[in-house]
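# What the coordinates show
The lines below spell out each chain.
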Amino acid sequence: MSTESKMPPKHSSVYLGAKILSGFAALVLLAVWNGNADGRRPEENTQAPNASQTSGISQTDDNIAIKDQYENYAFRWYKNQSREKAKGVALVIHGLNLRPDKMQTIISVLAGSGIDVLRLSLRGHGENYTHHADIDEEKARLEAFKAVSFPLWLNEAYLAYTRARERAAQKKVPLFFVGFSLGGLIGLDLFASQPEVHYDRMILFAPAVKLHSLHYLGRILSPMSRLVIPSMAPDSYLSNKKGTPVAAYNALFEGLKHFEKHVSRRLNVPTLIFIDEDDEFIPAQAFEKLKNDKKLDQWRLYIVKKGAAANRDAFHHHIIDESSTGKAVWQKMMETTIAYLFANRPNE
């Protein structure tokens, strides 16, 4: 057998682990040498979101333009595209350093099936950054990404939730949550930690409720919050092509800690979880353990086996569109999604 045939696949956990371990020392030295580390550590305690806050944006007159930008760029509504009246409202949240518009394929299916959709772009993603005419948008977005925290993202999700809940109440329809990876974690944590938050059903794509143990090694870089770690994901998926700041990973780790503290049987609503067993970041077995430990008997796992037509440059973690799964697999996933959301719906 040739040496080449023994090499682990490009996106396997073994390959990623080797890349991470070999790169940590170089990254630390580079950060110190370039003065990129600002010494800030993630907050120890996560405060409950406050509806009167706007993700850390000041409400003073001097900053009203920034506030308006946030209102315009963080939230985007997609109205029901069916010929019938709305059957539901869904809040959709993307993954870490994922372009928010990569959730568009899912959103189109939801809207086409009679659901009003509110897409949240987390700070540092898409258009959710401070816009200045004299600053390049990629630089401005990355600077915003370097200053994120889990409380900020959780508050953004809370504000989005209140808007989606209000529309669902007005139309007297169910409220759904759809999240991918980090977005799934944030939506679940909001549900678990805030008594007034409730979804009728949830669709989760590889939600980041736990990571493979190897990835927790990233916490050694936590003091260097402004250091940017290059991503191995295809550029077409990335909101910030230069990579992901340590600040964002700090926020992820803080979110994991916060979720572990608050997760309970309160989350036991009908929930469909899509996961690839070869996911490089999220262990599929974590969901069975969570189901058993917290008695989440209404949770259902759907194991994704990518088709031959799937984009081989995409991670197994990416299961959010036809390109990443293959056409036939994606079509079946979406058919299952809609059937699950509308299961046991009374005939009208």
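Please refer to the structure placed before this passage.
This write-up is about the structure you can find in this document.

Analysis parameters
- Residues numbered from 1 in each chain as written.
- Predicted model: local features only at pLDDT ≥ 70, side-chain atom pairs only at ≥ 80, totals over all residues.
- Heavy atoms only, no water.
- Helix = DSSP H or I, 4+ residues; strand = E, 2+ residues; numbered from the N terminus.
- Contact = heavy atoms within 4.5 Å.
- Buried < 20%, exposed > 50% of the residue type's maximum accessible area, 1.4 Å probe, protein only.
- Arc of directions from axis to C-beta.
- Axes fitted to C-alpha atoms, helices over the stretch in contact; angles between N-to-C directions.
- Parallel < 35°, antiparallel > 145°, perpendicular 65-115°, else oblique.
- Left-handed = near helix turned anticlockwise from the far one by under 90°.
- Nonpolar A, V, L, I, M, F, W, Y, C, P; charged D, E, K, R; others polar.

## Some thoughts on the environment of Asp189
Positionally, Asp189 belongs in helix H6 (residues 182–193). Placed 74 residues apart in sequence, Asp189 and Val263 show a C-alpha to C-alpha distance of 7.2 Å. The contacts of Asp189, once residues within four sequence positions are left out, are Phe150, Leu154, His258 and Phe259.

## Regarding helix H3 (residues 104–112)
Those residues of H3 that sit buried are Ile106, Ile107, Leu110 and Ala111. Axial view of H3: buried residues confined to an arc of 130°, hence all on one face. Looking one or two residues past H3, Gly114 carries a phi angle of roughly 100°, positive in sign.

## Examining the packing of H3 against helix H10 (residues 327–341)
Running from N to C, H3 and H10 point in directions that differ by 45°, and their axes come no closer than 11 Å. In terms of orientation, H3 lies oblique with respect to H10. H3 and H10 meet at a crossing whose hand is right-handed. Between H3 and H10, the contacting residues are Thr105, Ile106, Val109 and Leu110 on the first element and Trp330, Met334, Ile338 and Leu341 on the second. The residue inventory of the contact of H3 with H10, partitioned by class, reads seven nonpolar, one polar and no charged.

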